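# Summary of structural features
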Amino acid sequence: MTPEDDGVPKAPVSLRMPLIDTVSSVQGRKGEDIRLSCLFQGEPAAVVWVKETISYQQLPKAEFIGGKFESLGQGFEMDKNFSLVITDLKVADEGLYLCQVVLKNLDNFENSVILTVSCKYTCYIMILP
């Protein structure tokens with residue numbers, strides 16, 4: 001046994017999964033900006049951030065496909081680290097966000113981030129008929 005060997009069998013590097021599936025919670029404050037991180041290892045072919053609705057519909061917010069970044073909603077953009085940046089947070093931004101990643105080796109996974117939005121005093125939600 002060598003000093004680097006802890007006695008635990010190791011998979012060959014080529015068989016180790018380069019994926020990191022995570023679920024996290026983040027809290028932001030109304031009117032501020034927030035960054036939701038998407039963690040992974042490897043070179044992405046595509047990264048898409050979506051917000052999942054109560055009815056499980058996925059609304060695309062930003063994407064990286066074919067080497068290009070594109071914002072798909074006002075106040076949403078993806079930075080060079082594939083994090084979703086939401087500017088001027090609104091109570092309506094609260095919810096479940098998914099970062100869906102396809103690596104160039106075709107492995108894929110997603111990160112889930114639950115975003116809650118607080119207000120300085122009290123948040124009001126207006127429901128229109």
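Here, every reference points to the structure presented above.
In short, a report on the structure. (Residues numbered from 1 in each chain as written. Predicted model: local features only at pLDDT ≥ 70, side-chain atom pairs only at ≥ 80, totals over all residues. Heavy atoms only, no water.)

Ranked by size, the top nonpolar core spans 22 residues in total, and within it Trp49 and Ile86 carry the most contacts. Those elements that place two or more of their residues in this core are strand 2 (34–36), strand 3 (44–52), strand 4 (58–65), strand 6 (76–78), strand 7 (84–86), strand 8 (95–103) and strand 9 (108–118). (Core = buried A, V, L, I, M, F, W, Y, C linked by side-chain atoms within 4.5 Å. Buried < 20%, exposed > 50% of the residue type's maximum accessible area, 1.4 Å probe, protein only. Helix = DSSP H or I, 4+ residues; strand = E, 2+ residues; numbered from the N terminus.)

Okay, the sheet that holds strand 7 next. Read across the open sheet, the three strands follow the order 2-7-6; overall the sheet is antiparallel. Each end of this open sheet is capped by a strand with a single partner; those strands are strand 2 and strand 6. Strand-to-strand, the axes of this sheet are offset by a mean angle of 25 degrees, without reference to chain direction. Judged from the three bridges that link them, strand 6 and strand 7 form a sheet pairing that is antiparallel. In the strand pairing of strand 7, Glu77 is matched with Val85. (Pairing = 2+ DSSP bridges. Axes fitted to C-alpha atoms, helices over the stretch in contact; angles between N-to-C directions.)

In total, this model carries six aromatic pairs according to the counting rule given. With 5.7 Å between their ring centres and 35 degrees between their planes, Phe69 and Phe82 make a pair best called tilted. Of the two residues, Phe69 is situated in strand 5 (residues 68–71) and Phe82 in the loop between strand 6 and strand 7; the sequence distance between them amounts to 13 residues. Phe69 sits in the partly exposed class, given a relative accessible area of 38%. Residue class for Phe82 comes out buried when judged on its relative accessible area of 13%. Taking 6.5 Å as the distance between ring centres and 35 degrees as the angle between the ring planes, the aromatic pair formed by Phe76 and Tyr97 counts as tilted. (Phe/Tyr/Trp six-rings, centres within 6.5 Å; stacked < 30°, edge-to-face > 60°.)

Here strand 3 pairs with strand 4 via seven bridges, running antiparallel. The residue of strand 4 that forms the bridge with Trp49 is Ala62. Here strand 3 folds back onto strand 4 in antiparallel fashion, the turn holding five residues, of which Tyr56 has a positive phi close to 65 degrees. The pairing of strand 4 with strand 5 spans four bridges and is antiparallel. Across the sheet, Ala62 pairs through a bridge with Ser71, a residue of strand 5. Here strand 4 folds back onto strand 5, and the loop between the two strands holds two residues, one of which, Gly66, carries a positive phi near 65 degrees.

All right, on to the environment of Ser118 then. If you trace the backbone, Ser118 turns up in strand 9. For the pair Ser118 and Val91, spaced 27 residues apart in the sequence, the C-alpha separation amounts to 7.5 Å. A distance of 3.4 Å separates polar atoms of two side chains, one belonging to Ser118 and the other to Gln27. (Polar contact = N/O pair within 3.5 Å; in protein donor to acceptor, adjacent residues only side chain to side chain.)

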